[in-house]
Amino acid sequence: MAEQSTAERMQIKISVRNLVEFILRSGDIDRRHGRMDSVEAMQAGSKLHRRIQKSMGSAYHAEVPLKIAIEEENYQLIIEGRADGIIMEDEVTIDEIKGIYRNLDNLTEPIDVHLAQAKCYAYIYGVQKDCETIHVQMTYGNLDTGDRKYFHYTYSLDELQKWFSGLIAQYKKWADFQYEWRQIRQNSIKTLPFPYPYRNGQKQLVTDVYRTIARRKTLFLQAPTGVGKTISTIYPAVKAVGENLGDKIFYLTAKTITANVAKETFDLLEKQGYRAKTVQITAKEKMCLCETMECNPDNCPYSKGHYDRVNDAVYELLQTEQMFTREGLRAHAQTYQVCPFEMCLDMASWADNIICDYNYVFDPNVYLKRFFQEGIKGDYIFLVDEAHNLVERGRQMYSAALVKEDFLAVKKLLKPYSAAIEKELNKCNKLFLEYKRECDSYQTYDNIGTMIFALMRLAAKMDDFLQKRDEFAGREEVLEFYFSLRNFLAIYECVDGHYVIYTQHDTEGRFVLKLFCVDPSAQLQGRIDRANATVFFSATLLPIQYYKKLLSTKTDNYAVYAQTIFLQEQRLLLIANDVSSKYTRRGNEEYARIAAYLAQTVQAHCGNYMIFFPSYAFLNAVYEAFMQQYSSCAETIRQESSMREEEREAFLEAFEEKRERSLAAFCVMGGIFSEGIDLKCERLIGVLVVGTGLPQVGIEREILKNYYDANGENGFDYAYRFPGMNKVLQAAGRVIRTAEDVGVIELLDERFLQREYRALFPREWEQREICGIGQLQEKLQRFWER
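Procedures and definitions
- Throughout this description, residue numbers start from 1 for each chain and increase along the sequence as written.
- Local features in a predicted model are, by the rule used here, given only for residues with pLDDT of at least 70; side-chain atom pairs are given and counted only at 80 or more, and totals for whole chains, interfaces and linings are based on all residues.
- The side-chain figures draw on all heavy atoms in the structure; neither hydrogens nor water molecules are used.
- The secondary structure listing takes helices from DSSP runs of H or I that are at least 4 residues long and strands from runs of E that are at least 2 residues long, numbered from the N terminus.
- We call two residues contacting when some pair of their heavy atoms lies within 4.5 Å.
- Every angle, taken between N-to-C directions, lies between 0 and 180 degrees, and every axis is a line fitted to C-alpha atoms, over only the stretch in contact when it is a helix.
- Angle categories: roughly parallel below 35 degrees, roughly antiparallel above 145, roughly perpendicular from 65 to 115, and oblique for all the rest.
- By definition, turning the near helix anticlockwise from the far helix through less than a right angle yields a left-handed crossing, and turning it clockwise yields a right-handed one.
- All amino acids are sorted into three groups, where Ala, Val, Leu, Ile, Met, Phe, Trp, Tyr, Cys and Pro are nonpolar, Asp, Glu, Lys and Arg are charged, and the leftover types, Gly among them, are polar.
- By this rule the span expected of a helix is its residue count minus one, scaled by 1.5 Å.
- Whether a residue is buried, partly exposed or exposed follows from its accessible area with a 1.4 Å probe, protein chains only, as a fraction of its type maximum: under 20%, in between, or over 50%, in that order.
- As used here, the arc is the angular range of directions from the helix axis to the C-beta atoms.
- Here the rule is simple: two strands pair whenever DSSP picks up at least two bridges between them.
- Criterion for a salt bridge: a side-chain nitrogen of Lys or Arg within 4 Å of a carboxyl oxygen of Asp or Glu.
- You can read pLDDT as the predictor saying how much it trusts each residue, on a scale of 0 to 100.

Caption draft 1: Main features of the environment of E405. Relative to the helices and strands, E405 is located in helix α15 (residues 404–414). Every residue in contact with E405, bar those within four places of it in the chain, is listed here: K436, G509, R510 and F511.

Written out as structure tokens, the structure is:
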């Protein structure tokens, strides 16, 4: 058979950094030093790189892309990266810059993997420029002080070649696996059929998603319940991978239940002949094999020697399994005596599909650096499920806060050990006192530079101390404070016009300084840009322009409203014109009227009903009114705050029972039962939504309102109405889950009759009726008889 031309040969790519970190790692997991050993505080590191690069002379060439192609029997192995600097004088020097938090006086030699990166770049450059010898400079910079330390080496090209060849020889079996598995995967996709007959409009939806990926765009997809949004996004993404439009699918979600649906969908495609490796990343706490999670070799047997064994563990699992789940990973990790969570992350490197929380892509503290570190852009496809959640999650991820009282607590813990840290804590506390004197309820600031410099000095002193002291009383509390401090400084590097800096006295009486990311779009876009294409989808992505503005900065993104498969006749949508959850209306008379709506509804047709309230206080008030007058109408259950997992399961199991009377389940809007649960057919036949879901008035809501008012938008919409209406839509979406379902939706607040709210109704709510308590019984009877 004729050999393939170079252009036709499959390419296996890996970055220089990922190569050396994967092959050369060894020893223990030890999290006791936290970020002091980390070079991955990316914003601070990038800033240091630029500062050092700019300080060099004209012979210094910064950020030089380097790549080498190694011809293997069946494929090209591409090793690529970006040298921090190349000094082109009489002799060439490769400069590798690393930013660290530790005191440079304690660094006596380069860290092995750092020097290995520099040697890779030296070899690639030396081969391309035919150099006999080449110099390497390791430049370490302290991320707080800017201090530098240099290490110099000289290598012949022959010794670099021998070393590099050994590195590639160790990696070859992994590259061979990628080649062989990719062949299997691609061949399986070519003939992969859609697993069901297409529903009405579903084929168009699949086409829209595929077209978005093919054009390397971002799509916002309003996907009403029943359209099959999971399979309608996963299937075209898989087909796109088969056409080499991407290589790895990230299915991102906010909840375990939707992650499980994605896993089941990949399982379904596997039964149709699809061959792919899929990993579901579970939180470290749920993966841990120890009673207490202490990631160091003294307290965890799986941490000790983890890196010596984990590659063998990963390779064996790749040969035997396609779906990597929590249970399977824990069992395999126990066999090999490695950390199951870290092994799970390693499995992701070799997986075709990764199911995980938003954090692993978007959160600056948690994101998977092996895929998204600076300088890496992979062939990724992002499928973002329940994307309406990402607005608030994004704000949380890119915000940071410090609490004055924590500084005093840490000072008390560290006073016996470090006078230098005590001095810096006192300086920070003094600045906090100045802010506190200026603050009544809350105070915004344009500049907190003085505080930032004080925090940087404190962090530097704590770095040095924590490097030297592994054990002391209160270490866990001090580490937690240190991480919060580091996070605050890292987030401060992001602060721009999308942020508001403010202080406040919180509900617990503590004094807080916060960097509040009011508009996360720019930060999220930075992550989205790492993918070939992104699909945001939800059953409640309305109004679509709101989400397009807050989840992305681009103006040419696509938007699609998928066609519902349900008939208008399947539901009765009623809007009450004589009740409201307004604060000015709340009282026994209003509670009794709402209870009457509930009583008439559950008596009209026996079945299970959910009633959603804006708060626990409102829920309890109506519950008491209902039990006083109508307790014989229905059996009742109530959502409680902070329910344990077994209590949640018992709550949902109540919908499985057959009853002689109706079941009325009292719930809170925006809570655990208002989205992500799937009660089909007779398990739920009615939802009553009390109130418009407006978030409680508070400091951050007012900051949001003022920010968007100042930026030419309707601040009330952005801070209150849009988030509130999303809760309403999510709650109402619990009923009518299949083409066979019928049910009632009642919106119990006269404000829903206002134009501003009606404009936010989904298309499926076009057929609706206005109702007072006097007409309710007749309307319900007519619907159920029909």
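Caption draft 2: Structural context of the packing of helix α5 (residues 202–214) against helix α6 (residues 229–242). Interhelical geometry of α5 versus α6 gives an angle of 45° and a closest axis separation of 8 Å. Judged on the interaxial angle alone, α6 and α5 are oblique. In the crossing of α5 with α6, the sense of the turn from one axis to the other is right-handed. Only I231, S232, T233, Y235, P236, A237, K239 and A240 of α6 make contact with α5, whose side of the interface consists of Q202, L205, V206, V209, Y210 and I213. Considered class by class, the residues forming the contact of α5 with α6 number ten nonpolar, three polar and one charged.

Caption draft 3: Fine view of helix α27 (residues 773–785). Taking 1.5 Å per residue, 13 residues should reach 18 Å; α27 reaches 19 Å between its end C-alpha atoms and fits that length. L776, K779, L780, F783 and W784 are the residues of α27 that are buried. Down the axis of α27, the sector holding all buried residues measures 120°, keeping them to one side. More than 90 degrees from the buried face of α27, the exposed residues found are G774, Q777, E778 and E785. In the core, the buried residues of α27 are packed alongside β19 (571–576), α21 (588–604), β20 (608–613), β24 (743–748) and β25 (769–771).

Caption draft 4: Summary view of the side chain of S303. For S303, the position within the fold is in the loop between α8 (284–287) and α9 (306–320). Each residue touching S303, except ones within four places of it in the same chain, is listed here: G27, D28, I29, C295, N296 and P297.

Caption draft 5: Expanded view of helix α18 (residues 475–492). If you check α18, its first and last C-alpha atoms are 25 Å apart, about what 18 residues at 1.5 Å a residue would give, namely 26 Å. Of all the residues in α18, the buried ones are R475, V478, L479, F481, Y482, L485, R486, N487, F488, L489, A490 and I491.

Caption draft 6: Structural context of the sheet that holds strand β9 (residues 278–280). The strand order β10-β9-β11-β8-β12-β17-β7-β18 describes an open sheet built from eight strands, whose pairing is parallel. The open sheet has two free edges, formed respectively by β10 (323–324) and β18 (558–561), since each of these has just one partner strand. Examined bridge by bridge, strand β7 (residues 218–222) and β18 share four bridges and lie parallel to one another. Among the inter-strand pairings, Q222 is bridged to a residue of β18, identified as Y561.

Caption draft 7: Geometry of the sheet that holds strand β13 (residues 400–403). Spatial strand order, β13-β16-β15-β14: four strands in an open sheet with antiparallel pairing. The open sheet has two edge strands with one neighbour each: β13 and β14 (442–445). Taking the axes of each pair of neighbouring strands and ignoring which way they run, one obtains an average angle of 20° across the sheet. Looking at chain direction, strand β15 (residues 499–505) and strand β16 (residues 511–517) are connected through seven bridges and run antiparallel. By the bridge assignment, Y499 is partnered in β16 with C517. Lying on the sheet, helix α16 (residues 419–438) is in contact with β13, β14, β15 and β16; it crosses β16 at an angle near 85°. The strands touched by α18 within the sheet are β13, β15 and β16, with β13 carrying the most contacts at an inclination of about 135°.

Caption draft 8: The pattern of salt bridges, seen in detail. Evaluation of the coordinates by the stated rule reveals 46 salt bridges. Close ionic contact of E386 with K229 constitutes a salt bridge, the shortest N to O distance being 3.8 Å. One end of the pair, E386, is in the loop between β12 (380–384) and α14 (390–397); the other, K229, is in helix α6, with 157 residues separating them in the sequence. Judged by relative accessible area, which is 10%, E386 ranks as buried.

Caption draft 9: Seen up close, the confidence of the model for the chain. A residue-level look at the chain finds 97% of positions with pLDDT of 70 or above and a mean pLDDT of 93. Contacts from residues 1–7, a stretch scored under 50 in pLDDT, to residues over four places away or in other chains number four contacts. Counted against residues more than four places away or in other chains, residues 35–43, with its pLDDT under 50, gives 32 contacts.

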